[in-house]
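Here's the letter readout for the chains.
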Amino acid sequence: MRAVTTSPPADPVVDVVLPCLNEAEALPWVLARIPSGWRALVVDNGSTDGSAELARGLGATVVRETRRGFGAACHAGLTAATADIVCFCDCDASLDPSLLVPFVREVRDGTADLVLGRRRPQGWHAWPAHARAGNLALARMLRRRTGLGLHDLGPLRAARREPLLALGLTDRRSGYPLQMVVRAADAGWRVTEHDVPYLPRTGASKVTGTWRGTWQAVRDMRRVLAEPPAPSRAPAPSPSPGGTTP
């Protein structure tokens, strides 16, 4: 497996936002799988294990976000991004960022506005039963709320940067990924979902590793689902005819 470039591309084709809290063990595996020409934006959310220094040494651009929270880290990465298309991926080696290539192609070709990965666990220990049950319940509520035929709220995703910013996302905790989908649906975006392998993560989960963490995440997301439809501030992105593939 190749190593990530020692300096970030000056004009990245795609930015990949990687929220990070003490992921030094997983970072080499994740960053080695960033496609060539793409930029890894590792958003350090208060790591104490040298994650930021390691990521920088491996060629990633490091963004610091002092406000704790998954959504805070994701949004800091989105606002730091400059590429037309922005992807999101967990930084714990449970998902392979190279799988984002067809997602980006779909967005660039104008056949979808937001592309999500539906996690397919590779072994029973890849996804704890309580976390999977919580995800299934939330996905069911999401289908009722939006009418979208989605089965997962997975973190692997791709969309265009400016329309994402125009969604006006406000959640800075575990509800951020869900709020993105809900507001995209309210704005009439075309949202698609594709199966991706979900591997056992490296290290302990900060959110769904315990019943308490899972319950907190579910509570955050139920709050998002209870929000009234947001004003149509972000119309569906316009397709780019004749776009090239990455």
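Here the residue numbers are simple positions, counted from 1 along each chain's written sequence. Reporting in this predicted model follows two pLDDT cut-offs: at least 70 for local features of residues, and 80 or more for side-chain atom pairs to be given and counted; totals over whole chains, interfaces and linings ignore these cut-offs and use all residues. Only hydrogens and water are set aside when side-chain values are computed; all heavy atoms of the structure are taken into account.

Caption draft 1: Examining the state of the cysteines more closely. Any two cysteine sulfur atoms within 2.5 Å of one another count as a disulfide. The final tally for this structure, using the stated rule, is zero disulfides. In this model Cys-20 remains outside any disulfide bridge; the closest cysteine sulfur is found in Cys-91, 4.4 Å from its own.

Caption draft 2: Broad picture of the pattern of salt bridges. By definition here, a salt bridge exists when the distance from a side-chain nitrogen of Lys or Arg to a carboxyl oxygen of Asp or Glu is within 4 Å. Tallying each qualifying case throughout the model produces 12 salt bridges. For Arg-64, the salt bridge goes to Glu-53, with nearest N and O atoms at 3.7 Å. Remark: Glu-53 occurs in helix α2 (residues 51-57) and Arg-64 occurs in strand β3 (residues 61-64); sequence separation between them is 11 residues. The closest approach of N and O atoms between Arg-160 and Asp-84, which form a salt bridge, is 2.1 Å. Taken together, the positions of Arg-160 in strand β6 (residues 157-160) and Asp-84 in the loop between α3 (70-80) and β4 (85-88) put the pair 76 residues apart, joining distant regions of the chain. On the accessibility criterion, Arg-160 (9% relative accessible area) is buried. Categorising residues by exposure relies on relative accessible area from a 1.4 Å probe, with only protein chains included: less than 20% of the type maximum marks a residue as buried, more than 50% marks it as exposed, and the intermediate range marks it as partly exposed. For Asp-84, a relative accessible area of 41% puts it in the partly exposed group. Here a strand is any run of E in DSSP of at least two residues, a helix any run of H or I of at least four, and the numbering for each starts at the N terminus.

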